[in-house]
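# Chain and residue survey
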Amino acid sequence: MRIAEALGRGRPCFSFEFFPPKSAEATGALLSTIDELRELKPTFVSVTYGAGGSTRDLTLDLVRRIKRERGLEAMAHLTCVGHSRAEIARILDDHRDAGVENVIALRGDPPRGETVFRPAPDGFAHASDLVAFIRQCGHSFCLAAACYPEGHIECGDRNVDLENLRTKVRAGVDFIITQLFFDNAFYFDFVSRARAVGIDVAIIPGIMPITNVDQVERFSKLCGATIPMRLALELERRRTDPEAVAELGVAMATLQCAELLDRGAPGIHFYTLNKSPATRMILTALQARSR
Ligand code: FAD
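Structure report, in brief. Keep in mind that this is a model prediction, so the values were computed, not measured. (Residues numbered from 1 in each chain as written. Predicted model: local features only at pLDDT ≥ 70, side-chain atom pairs only at ≥ 80, totals over all residues. Heavy atoms only, no water.)

## Comments concerning the side chain of serine 84
Within the element layout of this structure, serine 84 appears in the loop between β3 (74-79) and α4 (85-97). Using a relative accessible area of 17% as the deciding quantity, one classes serine 84 as buried. Setting aside chain neighbours within four positions, we find serine 84 in contact with Ala120, Pro121, Asp122 and Gly123. (Helix = DSSP H or I, 4+ residues; strand = E, 2+ residues; numbered from the N terminus. Buried < 20%, exposed > 50% of the residue type's maximum accessible area, 1.4 Å probe, protein only. Contact = heavy atoms within 4.5 Å.)

## A closer look at the packing of aromatic side chains
Any aromatic ring pair is given by two values, namely how distant the centres are and how the planes are angled relative to each other. Counted by the stated rule, this structure contains five aromatic pairs. Aromatic pair phenylalanine 44 and phenylalanine 175: ring centres 6.2 Å apart, planes at 70 degrees, arrangement edge-to-face. One end of the pair, phenylalanine 44, is in strand β2 (residues 44-47); the other, phenylalanine 175, is in strand β6 (residues 175-180), with 131 residues separating them in the sequence. Each member of the pair, phenylalanine 44 as well as phenylalanine 175, carries the same accessibility label: buried. (Phe/Tyr/Trp six-rings, centres within 6.5 Å; stacked < 30°, edge-to-face > 60°.)

## Considerations on the site of the ligand
What surrounds the ligand is a group of 22 residues, the closest being Tyr49, Asp109, Tyr148, Asp161 and Lys168. Here an oxygen atom of the ligand and a side-chain polar atom of histidine 77 are 2.9 Å apart. Between the ligand and histidine 126, the relevant distance is 3.5 Å, taken from a nitrogen atom to a side-chain nitrogen or oxygen of the residue. Protein contact buries 83% of the 980 Å² of open area that the ligand shows by itself. Breaking the shell around the ligand down by element, the ones donating at least two residues are β3, β4 (102-106), α6 (158-170) and β6. Its residues placed into classes, the shell around the ligand shows nine nonpolar, nine polar and four charged. (Near = heavy atom within 4 Å. Polar contact = N/O pair within 3.5 Å; in protein donor to acceptor, adjacent residues only side chain to side chain. Areas by Shrake-Rupley, 256 points an atom, 1.4 Å probe, with all protein chains shown as cover. Nonpolar A, V, L, I, M, F, W, Y, C, P; charged D, E, K, R; others polar.)

## Structural notes on the pattern of salt bridges
Under the definition given, this model contains 23 salt bridges. A salt bridge links glutamate 234 to arginine 237; the nearest nitrogen and oxygen atoms lie 3.0 Å apart. In this pair, glutamate 234 and arginine 237 both sit in helix α9 (residues 229-238), three residues apart, roughly one turn of the helix. Overlapping salt bridges, with partners in common, bring together Asp35, Arg38, Arg65, Glu69 and Arg70 in one network. (Salt bridge = Lys/Arg side-chain N within 4 Å of Asp/Glu carboxyl O.)

## Remarks on the state of the cysteines
Across all of its chains, the model carries zero disulfides by this definition. Free of any disulfide, cysteine 155 has its nearest cysteine sulfur in cysteine 147, 14 Å distant. Here cysteine 257 is not cross-linked by a disulfide; its sulfur's nearest cysteine counterpart is in cysteine 13, at 13 Å. Classification of cysteine 257 by relative accessible area gives buried; the value is 0%. (Disulfide = S-S within 2.5 Å.)

## A closer look at helix α5 (residues 127-136)
The set of residues buried in α5 consists of Ala127, Ser128, Leu130, Val131, Phe133 and Ile134. Its buried side turned inward, α5 meets β3, α4, β4, β5 (142-147) and α6. Phi turns positive one or two residues past the end of α5, at glycine 138, with a value near 85 degrees.

## Notes on the sheet that holds β2
Read around the barrel, eight strands follow the order β1-β2-β3-β4-β5-β6-β7-β8 and close on themselves; strand pairing throughout is parallel. Ignoring strand direction, the axes of neighbouring strands in this sheet form an average angle of 25 degrees. Where strand β1 (residues 13-18) and strand β8 (residues 267-271) come together, five bridges link them in parallel fashion. Paired with cysteine 13 across the two strands is glycine 267, which belongs to β8. (Pairing = 2+ DSSP bridges. Axes fitted to C-alpha atoms, helices over the stretch in contact; angles between N-to-C directions.)

Just distances and angles here, no functional claims.
Here is the structure:
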């Protein structure tokens, strides 16, 4: 199933993001997580692509297994990091041969410790180049891309970032998924600015339920997401009480998702971090509400 088609059906599209585990044991645990979440009938799940090393091959393996063994639609993430055009061409052929229909085309982050992204020799500098290449190769994948309600961390000007996004979408993107954010005002403002410059594809908000204070602080810093002052204070009060943090995280994310859906978001993409309980609680509440 091409995800863009599901997005056009007028029902909210719910999806879960996972990363490929490094060991067979962790893969088993992830497949159990996926089984627990499968009952919620997600529209699709997605599997991230590592910055390098052996987990990269695991992305396609896991996508294939989720599709075949679990009967769920699965989208493969793919980045430009370290790949030449010829390698990307081979990877894309492997995806096509494995029956993958949905791919999210990304640039990827600079390696740890570096602040500037350097394309691989004969590789791509921007995700838009990857998207254009995929289309030039004649692939018919349904293509997604990333977007940033608060602006991408490397781009000092949100309007320039939006122009770059428009170029990316025009290169052949079918829908976009946002970076995580905690204040819905960023999403609504971003959607109206995107529409104003002619970006007309579905914009799925990406939501990460907070389960750990240190972790959310680290992630937010890395991607430039703002933790609103009120939320930061509530998290600080619970810092040493993991259960209280998880409760607050579920409650906040449920409210956040409910407002997003009520005000027209086409669905929610959950950054699950390979864990099921928080996402299950939030989505169960959202689905019960809409019946
Ligand atoms: P781009 O669209 O190329 O944008 C990157 C920067 O370049 C932006 O500042 C943009 O404004 C600028 N830019 C774009 N085009 C141009 C141009 N033509 N000229 C000048 N500047 C330009 N990372 C992983 O490693 N693996 C994953 O699986 C993964 N999955 C992700 C999924 C989602 C939904 C999101 C939101 C992010 C994901 N990331 C992943 C992180 C992503 O790789 C980083 O955020 C990365 O820094 C940017 O990737 P991009 O595809 O948005 O890049």
